[in-house]
Amino acid sequence: MKILLKNGMVVSGNGSKKQDVLIQDGIIMEVSDSILASDAEQVDVTGKILFPGFIDAHTHFDLEVSNTITADNFATGTKAAILGGTTMIIDFATQNKGETLTEALQNWHKKADGVSSCDYGFHMAISDWNAQTEKDLSVMFEQGVSSFKLYMTYPAMRVDDGVLYECLKKISKMEGLVGVHCENGDIIDALIAEQKAAGNNTPCAHPISRPPAVEAEAIHRLLTIAKLAGAAVMVVHLSSKEGLEEVLRAEDQTVFAETCPQYLLLDDSVYCQETMEAAKYVCSPPLRKKIDQDALWDALKNDQIHTIATDHCSFSMEQKSVGREDFTKIPNGMPGVETRGSLLYTYGYRSGKLSLEQLCRLLSENPAKLYGLYPRKGVIRPGSDADIVVFDPEKETIISAKTHHYHMDYAPFEGWKLHGDVQDVYLRGELIVKNGTIQKENFGQYIKREKGSFL
């Protein structure tokens, strides 16, 4: 079957141009100023922007954490994702203590296979480093997992500096990329104890116990270790000006950075609200101050931050309520996969902070390159998968828990206005979303990834 998208503004990381796009059998066949194809279904997209399908390289679906399971599984999470223009997610398959990496990967396939509405891949989060884990690394690459995650906090997942060095060195030799959650877990524990001793058990203690310094210190330590190991690293969910300064200070090494919409658009004043209202925003790292937002926006404008993901990790208000009397028991996380593109178009592009080309790089092209998907994904060009977002730059909507597709009962951006929103979404040439309504579910496939190409 052939589909011809006529007169859209095709966006790439290098430029934007009014062009036609011809699709056949799920692949982009031609992109040029004027295409004649009488045997194709013609779709007029005049006035619309055509982005490559968005890639969210940081999600947590169906994750057991904080004595519960995230509200969104792969069925609900990927449905929300593709409605927001995200045609591929990369979730974190997580090795529990005592498991092999192979067992962990199998567990995540059981969660995702057959129920995902967008394409998907997995990073592998390592918690138990031993001889078998090291042996399993080569199996991961064979199975299309070329990126990994390490944590510098959280008792169940944290690795010490020696393990961090060993993992980075081994994975670097295999040309893999490691993303790291950078917070100093020991200092956080001490600061939490101080807050509790002072009788502060409310969410307002959350940002106090995880100040920017604990992120910055961990980033500095990570980059020191990475330099010794000769490894490239990705600092995930970068949230603070202090942390950013550590990234920018690094010399003679390859460092990538990711941030999230919540760190660009929300600030820590939300923690001063009534307990359960504040609990909605408890995530780690926590939301910061306006000065941190400004620093992150400046870094994005200067191409010093390379991707914007969501760290989608959703919980219902009932799940959040277990921390009503103790902020440390509030499950950490917020949703985001459905609104990422439209929020950044509205508050990034339309506000003059980012260009369309930068949006394309941050949401599509850069994650495709870094995580071994390019040029199959992340670009509208002949030979690539026909993953295309038809974006209406003038459509106005309001974010609401009443209309979102997450399996949860609140929206962190409740009431925020969007000027520009997703109209249609093609996944491998199939029209999955039409006029903002999903047409076909469970069409997603597992995508084996190659080794990434550094930017």
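The numbers attached to residues start from 1 for each chain and follow its sequence in the written order. Reporting of local features is limited, given that this is a predicted model, to residues whose pLDDT is at least 70; pairs of side-chain atoms are given and counted only at 80 or more, and all residues count toward the totals for whole chains, interfaces and linings. Side-chain numbers here rest on the full set of heavy atoms in the structure, without hydrogens or water.

Only strands joined by at least two bridges in the DSSP assignment are considered to pair. Every helix listed is a DSSP run of H or I at least four residues long, and every strand listed is a run of E at least two residues long, numbered separately from the N terminus. Reading across from one edge, β6-β9-β10-β11-β12-β13-β14-β15 is the order of the 8 strands in this open sheet, with parallel pairing throughout. On the outer flanks of this sheet lie β6 (54-59) and β15 (307-308), each paired with one strand and no other. Any two residues whose heavy atoms approach within 4.5 Å are treated as being in contact. Axis lines are fitted through C-alpha atoms, for helices just across the contact stretch, and the angle between N-to-C directions can take any value from 0 to 180 degrees. Here helix α13 (residues 340-349) sits on the sheet and contacts β6, β9 (86-94) and β15; the angle it forms with β6, its principal contact strand, is near 110 degrees.

The next point concerns the UniProt feature "domain: Amidohydrolase-related" (unreviewed entry) in the chain. UniProt positions are given in the numbering used here, feature names are shortened, and annotations may be inferred rather than shown by experiment. With numbering matched to this structure, UniProt assigns "domain: Amidohydrolase-related" (unreviewed entry) to residues 49-431. Spanning residues 49-431, this segment combines 37% helix with 19% strand, and its end C-alpha atoms are found 16 Å apart.

To continue, consider the pairing of strand β18 (residues 430-434). Both strand β17 (residues 417-427) and β18 contribute to a ladder of 3 bridges, which runs antiparallel. When the sheet's bridge partners are listed, Y426 is paired in β18 with L431. Between β17 and β18, which follow one another and run antiparallel, lie 2 residues, and R428 among them has a positive phi close to 50 degrees. Of the pairings in the sheet, the one linking β18 to strand β19 (residues 437-438) comprises 2 bridges and is antiparallel in character.

In the contact formed by helix α2 (residues 101-112) and helix α3 (residues 131-142), the axes pass within 8 Å of each other and the chain directions differ by 45 degrees. Compared by their axis directions, α2 and α3 come out oblique. On α3, the residues that touch L101, T102 and L105 of α2 are T133, D136, L137, V139 and M140. Residue polarity follows a fixed list, in which Ala, Val, Leu, Ile, Met, Phe, Trp, Tyr, Cys and Pro are nonpolar, Asp, Glu, Lys and Arg are charged, and the others, Gly among them, are polar. Within the contact of α2 with α3, the residues separate by chemical class into 5 nonpolar, 2 polar and 1 charged. Under this scheme an angle from 65 to 115 degrees is roughly perpendicular, one under 35 degrees roughly parallel, and one over 145 degrees roughly antiparallel; angles in between are oblique.

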